[in-house]
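Structural features, examined
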There are 2 protein chains.
Amino acid sequence: MSSVTPPLDAVVDEGRPLRRDAERNRRLILAAARQVFAQRGLHAGFDEIARVAGVGVGTVYRRFPDRGDLVDALFEEEIDAVVARVEAAAADPDPWAGLCDFVTWGVEAQAADRGLSQVLTAGGYGHDRIARGRARIEPAVAVLVSRAQSAGLLRADVSSLDIAIATATLSQIGGPDRADLRQRYVTLLLDGLAVSRDTPSPLPGVPPVDADLACLVEPARRGGSGPAEG
Amino acid sequence: MSSVTPPLDAVVDEGRPLRRDAERNRRLILAAARQVFAQRGLHAGFDEIARVAGVGVGTVYRRFPDRGDLVDALFEEEIDAVVARVEAAAADPDPWAGLCDFVTWGVEAQAADRGLSQVLTAGGYGHDRIARGRARIEPAVAVLVSRAQSAGLLRADVSSLDIAIATATLSQIGGPDRADLRQRYVTLLLDGLAVSRDTPSPLPGVPPVDADLACLVEPARRGGSGPAEG
DNA sequence: GGAGAAGTGGAGCTGTCTTTCCGTTTCGAG
DNA sequence: CTCGAAACGGAAAGACAGCTCCACTTCTCC
């Protein structure tokens, strides 16, 4: 307040005067964690993050004593991106196109980043920064939803959380590279969300093959469960 | 090949002359595994199955040397039940009602039994008995699907595997006791699958609350990830 | 009711993942 | 250049699940 705003504040807060090498490593760790969390989800071992970052595990633990710190640091801006995208969709002159755009994008964003999907759906991963970020998404989606409902295009009995749940659920289908497959179900969902229609929107992609079923649940582990291997 | 068909054959095969206590334990283990796999999925520890069955782990491993043996023994008849249900649905005089019935039931059956969901979707859990069982489902669903398509009620561009994937996906929503929630999305799916409709089928249940998002992905573990606890 | 095969249970081995600790290295102020 | 503090890395301790092994118990057949 008065004269003493101690420089220590800066250390505890954001603008930490970390030693140059420490700051460099911090960035390397964040970059590595972004990649590893996206691929493997938030359970990923600190070992792997350290290896990808090219630092020792000890360094990761010193900088981010618990996983929540790392999650907070990483996903705050990703959540900002989600909010921005919802708001952009809500600004689309065509309310229905805006909704379609957001659902399509949301499914892919979560499919491409398993960590994001976990942060958005499972409570209790990050700390306060994540909680605050999440709280900003739902109202934004609510705007998008009610606009499409007012226009008489989106059925009146869905809520913004229905959209969130459906979007998160569809993101679980297929691997990161199977956008084609997921978009079939996005299309079905959107056709189901429309108030009425005469004819189905054509499903994109090609019909799934037997192996496409497999990417839903966690696969059998290398243990006794005998992964048939082919 | 000639004269000696050792009585051991019987032991290795099906009609095993197990000792009375061993046969009793075998049944206890199967019952326990059915319950544990349904709740926790097929990764569940043999420890827990043993504890529920009231036997030692060693006993479980002796009787079912690998997880696939246990899965085979348990899920063959559950798959038969799925096939039976598809065939019953295909016999419904109303092709659309049959499809709705099967999707609704299939989602709940898989939601109530995580093990079943894994057996049906992830390849490589059981052994040959499971593989053979799975192979019987798809053709049966194909009948159901093409009947509804021929009647002009189901959109022509979905395949039976689309139905299987969508069904399995929706079963991941909510806990075992949230059939009300899942049926909202089943309704949306069916509305999306219809060739055309004028008005949306009303969504059952009540709109989800924030906490309902959480049951999609595996929750944070008790480790450093700081499950915010509330 | 006795002998021996069959079956049992759970202690403990193994491999995996998380976290801590401390001897060494690197930085940067003087 | 020198020195102290900060940071480093990775070995190893701890926690834990999957699986094995064998001293002991229980059954069955005679």
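In short, a report on the structure. Because the structure is a prediction, the values reported are computed rather than measured.

Focus: the nonpolar core
Counting residues in each nonpolar core, the largest one holds 128 residues, and the members touching the most others are Phe 37 of chain A together with Phe 37 of chain B. Not counting residues up to four positions away in its chain, the partners in contact with Phe 37 of chain A are Leu 42, Ala 44, Ile 49, Arg 67, Leu 70, Val 71, Leu 74, Phe 75, Asp 113, Arg 114 and Gly 115 of chain A.

Describing the relation of the copies chain A and chain B
With an axial shift of 0.1 Å and an RMSD of 0.2 Å, the rotation relating chain A to chain B amounts to 180 degrees. The operation mapping one copy onto its partner corresponds to a two-fold rotation axis. No C-alpha of chain A lies nearer the rotation axis than that of Gly 192 of chain A, which sits 1.9 Å from it. With an isologous cut-off of 70% or more, the 98% of interface residues of chain A that recur at the interface of chain B puts this contact in the isologous class.

Side note on helix H8 (residues 128-150) of chain A
Residue and element names in this part refer to chain A. For H8, spanning 23 residues, the distance from its first C-alpha to its last is 34 Å, which sits close to the expected 33 Å at 1.5 Å a residue. Among the residues making up H8, those that are buried are Ile 130, Gly 133, Arg 134, Ile 137, Ala 140, Val 141, Leu 144, Val 145 and Ala 148. In this structure, the buried side of H8 is in contact with helix H5 (67-90), helix H6 (95-112), helix H7 (114-121) and helix H9 (160-170). Phi turns positive one or two residues past the end of H8, at Gly 152, with a value near 75 degrees.

Regarding the pattern of salt bridges
Applying the stated criterion across every chain, the model contains 35 salt bridges over all chains. With a shortest N-O distance of 2.9 Å, Arg 129 of chain A and Glu 76 of chain A are connected by a salt bridge. One end of the pair, Arg 129 of chain A, is in helix H8; the other, Glu 76 of chain A, is in helix H5, with 53 residues separating them in the sequence. Judged by its relative accessible area of 26%, Arg 129 of chain A is partly exposed. With its nearest N and O atoms 3.8 Å apart, the salt bridge here joins Asp 191 of chain B to Arg 197 of chain B.

What counts and how
- Residues numbered from 1 in each chain as written.
- Chains lettered and ligands numbered in written order.
- Predicted model: local features only at pLDDT ≥ 70, side-chain atom pairs only at ≥ 80, totals over all residues.
- Heavy atoms only, no water.
- Core = buried A, V, L, I, M, F, W, Y, C linked by side-chain atoms within 4.5 Å.
- Buried < 20%, exposed > 50% of the residue type's maximum accessible area, 1.4 Å probe, protein only.
- Contact = heavy atoms within 4.5 Å.
- Least-squares fit on C-alpha atoms with pLDDT ≥ 70 in both.
- Helix = DSSP H or I, 4+ residues; strand = E, 2+ residues; numbered from the N terminus.
- Expected span 1.5 Å × (residues − 1).
- Salt bridge = Lys/Arg side-chain N within 4 Å of Asp/Glu carboxyl O.

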